[in-house]
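Listed below are the residues making up each chain.
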Amino acid sequence: MTRILCVEDEPSLRRTLGANLKARGYEVDLVADGTQALASASTQRPDLIILDLGLPDMSGLDVIESLRHWTATPIIVLSARDTELDKVAALDAGADDYVTKPFGMGELLARLRATLRRHAPSSEDPVIVTEHFTVDLVASRATNSDGEVKLTPTEWSLVEYLVRNPDRLVTSREILQAVWGPQYGTETNYLRVHLTHIRRKLEPIPAQPRYFRTEVGMGYRFTPSQGR
Ligand code: CA
């Protein structure tokens, strides 16, 4: 059974979320603030977390940062603050997706299913070895000469998609739709933020990417062997 932790201080929205998720067969934990969210996440081990950014006791961004110290559980953020900066900050802190209030329950549920699908374990996949790092698609881990490289769930999804398409120009729209869902396509800022982090973690010289290259105005290309 898939377990969802919902963190929302507004009682009516919390009830609505709980009822809709339970009606679709999810097991649901409902909490109203950041402290309870962190406690519930560690004891209940949810499969996905829906997190309101505006909480009474602490900022949702702080909740994300605390969670990311120890768990890769996907996080979908809810917020009334419809600004580009908040979206980037939440993604930057490790959120996987973002829904702006007011939202339709159908939209949230579609995002939730897409996020769960992206994090479903896959098998029968190879290991990609480069001069500087190795990506094991079976074990879902990246390693370099220092050991395991910690990637957030979204970073991992991007790396996985790009390394499955070696030497191919993958457009921003294609990556967004593959990783975030079919309704995405223009949010290239998502990609820029995450690619910056990925390069910091995997590239020998992050400012001069050799493996995860930007094709200006087009998209990205993973080049596992020699450069151009
Ligand atoms: Ca709130």
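Here the structure is a predicted model, which means the values were calculated and not measured. (Residues numbered from 1 in each chain as written. Predicted model: local features only at pLDDT ≥ 70, side-chain atom pairs only at ≥ 80, totals over all residues. Heavy atoms only, no water.)

Let us look at the pairing of strand β12 (residues 219-222). The side chains of a regular strand alternate between both faces of the sheet. Pairing analysis gives three bridges linking strand β10 (residues 169-171) to β12, with the strands arranged antiparallel. Note on β12: the bridge partner recorded for L169 is R221. Two successive antiparallel strands, strand β11 (residues 212-215) and β12, enclose a turn made up of three residues, where G217 displays a positive phi of approximately 75°. (Pairing = 2+ DSSP bridges. Helix = DSSP H or I, 4+ residues; strand = E, 2+ residues; numbered from the N terminus.)

A separate point is the nonpolar core. Core analysis: the biggest nonpolar cluster contains 46 residues, and I64 and F212 have the highest contact counts within it. Composition of this core by domain shows at least three residues from each of domain 1 (3-118) and domain 2 (127-222). Ignoring any residue separated from it by four or fewer positions in sequence, one finds F212 in contact with F133, V159, L162, V163, L195, I198, R199, L202, E203, R221 and F222. Grouped together as the second largest cluster of nonpolar side chains are 17 residues, I4, C6, L48 and I76 included. (Core = buried A, V, L, I, M, F, W, Y, C linked by side-chain atoms within 4.5 Å. Buried < 20%, exposed > 50% of the residue type's maximum accessible area, 1.4 Å probe, protein only. Domains from an automatic or database assignment. Contact = heavy atoms within 4.5 Å.)

Each protein donor to the calcium ion is listed here as D9 (OD), D52 (OD) and G54 (O); together their distances run 2.2 to 2.4 Å. Summarised as a motif, the one-chain spacing of the donors to the calcium ion is D-x42-D-x1-G. Residue D9 is located in the loop between β1 (3-7) and α1 (11-23), and its partner G54 is located in the loop between β3 (48-52) and α3 (60-68); the two are separated by 45 residues in the primary sequence. Look at D9 and you get partly exposed, because its relative accessible area is 31%. (Donors = N, O, S within 2.8 Å, 3.2 Å for Na, K, Ca; no water.)

Our focus in this paragraph is the sheet that holds strand β9 (residues 147-149). Each strand in a sheet pairs with another by means of backbone hydrogen bonds, the pair being arranged parallel or else antiparallel. Sheet architecture is open: four strands sit in the order β6-β7-β8-β9, paired in antiparallel fashion. The strands lining the two open edges of the sheet, one partner per strand, are β6 (127-129) and β9. Strand-to-strand twist across the sheet, computed as the mean angle between neighbouring axes with direction ignored, equals 25°. Of the strand pairs in this sheet, strand β7 (residues 133-136) and strand β8 (residues 141-144) are connected by four bridges, and their pairing is antiparallel. In the sheet register, F133 faces β8, and the bridge partner there is N144. Each of β6, β7 and β8 touches helix α6 (residues 153-163); the most contacted strand, β7, lies at about 95° to it. (Axes fitted to C-alpha atoms, helices over the stretch in contact; angles between N-to-C directions.)

It is worth spelling out the packing of α1 against helix α5 (residues 105-118) at this point. Look at α1 against α5: their axes get within 11 Å of each other, and the N-to-C directions meet at 60°. One finds that α1 runs oblique with respect to α5. As for the relative orientation of α1 and α5, their crossing is right-handed in sense. Across the interface between the two elements, T16, L17, N20 and L21 of α1 pack against M105, L108, L109 and L112 of α5. Taken together, the residues of the contact of α1 with α5 break down into six nonpolar, two polar and no charged. (Parallel < 35°, antiparallel > 145°, perpendicular 65-115°, else oblique. Left-handed = near helix turned anticlockwise from the far one by under 90°. Nonpolar A, V, L, I, M, F, W, Y, C, P; charged D, E, K, R; others polar.)

Next up on the list: the packing of aromatic side chains. Taken as a whole and judged by the stated rule, the model has five aromatic pairs. Pairing F133 with Y211 gives two aromatic rings, centres 4.9 Å apart and planes at 75°, and the pair type is edge-to-face. Pair noted here: F133 is in strand β7 and Y211 is in the loop between α8 (188-202) and β11, with a separation of 78 residues, a long-range link. By the burial criterion, F133 is buried, and Y211 matches it. Aromatic ring contacts, followed pair by pair, group F133, Y211, F212 and F222 into a single cluster. (Phe/Tyr/Trp six-rings, centres within 6.5 Å; stacked < 30°, edge-to-face > 60°.)

Time to look at the pattern of salt bridges. Enumeration according to the criterion identifies twelve salt bridges in this entry. In this structure, R68 and D96 form a salt bridge, with 3.0 Å as the shortest nitrogen-oxygen distance. Here R68, found in helix α3, pairs with D96, found in the loop between α4 (84-93) and β5 (97-100); they are 28 residues apart in sequence, far enough to count as distant. For R68, a relative accessible area of 17% corresponds to the buried category. Looking at D96, the relative accessible area reads 0%, which means it is buried. One salt bridge connects E148 with R141, and the closest N-O pair in it is separated by 3.3 Å. Among the ionic contacts, a cluster of salt bridges with common partners joins R3, E27 and D29. (Salt bridge = Lys/Arg side-chain N within 4 Å of Asp/Glu carboxyl O.)

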